[in-house]
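Commentary on secondary and tertiary structure
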Amino acid sequence: MSGTSAPMLTLAGLSAGYGSFQVLFDVSMEVRAGESVAVIGPNGAGKTTLLRAISKLIEPTAGHLSMEGQRYESLPAHEVISRGIAQVPEGRRLFPRLTVEDNLRMGAFLPAARPHFAQRLEMVYSLFPRMKERRLQMAGTMSGGEQQMCAIGRALMSGPKLLLLDEPSAGLAPVVVQSIFDVVRKMGAEGYTVLIVEQNIRQVLQVVDRAYLLETGRIHASGSAAELLANDAVRRAYLGV
């Protein structure tokens, strides 16, 4: 990872919410190419809303969004994926009655992605060997951790420049959570650009490069993962030390 590369994603003064209820207030942040960045904070801080605004699933009420220097806040949600942004939603949202491989195929539905299907499938299977073993199994019959790997693999099938992960450890057994964070670390090592929203703060800060602390819709701290792990306020409020 290069600390001097140009920002891939830039948020400047972003505000957003639902109807008259404002959730995000003047949020500015960036993710550089090849970085893994976490947004950490308590439940209800606005982390999922932030990802929804980046994906244009909700309209920002102020500020702007840029991907590789191109502003896109006026784009409709269905065009955001063609800019290279793919989101793994909280709760995975797989097609339970389709096989693992058919779920992965759904991730390559964009015309630009179809010619690369076989090559990307091999790449996903190398990242998730378990998915190759389970490729003919119905997705709904797998464990929660395996379903999460399948959901991440499906997002990678579109060949995204930026992968958004929304609470990937939510609802998973502790032993499985570790394997999901191992995958995040591996993706970072292989040069993927990842923005991960997570309340499992201690573990996520061990696998990302940088992090932002979001509380009540505002960025309260940012820095390298090591700096946030050492931050007294973060340690007291979230790590119990």
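This is a predicted model, so every value here is computed, not measured. (Residues numbered from 1 in each chain as written. Predicted model: local features only at pLDDT ≥ 70, side-chain atom pairs only at ≥ 80, totals over all residues. Heavy atoms only, no water.)

Turning to unusual backbone geometry, a few remarks are in order. The phi dihedral of K56 is positive, around 65°, even though this residue is not glycine. Locating K56 in the fold gives a position in the loop between α1 (47–54) and β4 (62–67). Although it is not a glycine, T216 sits at a positive phi angle of roughly 40°. For T216, the location among the structural elements is in the loop between β9 (210–215) and β10 (218–224). Judged by relative accessible area, T216 falls into the exposed class, the value being 59%. (Helix = DSSP H or I, 4+ residues; strand = E, 2+ residues; numbered from the N terminus. Buried < 20%, exposed > 50% of the residue type's maximum accessible area, 1.4 Å probe, protein only.)

Residues in a regular strand point their side chains to alternate faces of the sheet. Of the strand pairs in this sheet, strand β1 (residues 7–18) and strand β2 (residues 21–32) are connected by eight bridges, and their pairing is antiparallel. Counterpart to L11 in the pairing with β2 is M29. Connecting the antiparallel pair β1 and β2 is a turn made up of two residues, with G19 showing a positive phi of about 60°. (Pairing = 2+ DSSP bridges.)

Moving on: the packing of aromatic side chains. Following the criterion strictly, the structure yields zero aromatic pairs and no others. Positioned above the aromatic ring of F25, the side-chain terminus of R218 is 4.2 Å from the ring centre. (Phe/Tyr/Trp six-rings, centres within 6.5 Å; stacked < 30°, edge-to-face > 60°. Lys NZ or Arg CZ within 6 Å of the ring centre and 35° of its normal.)

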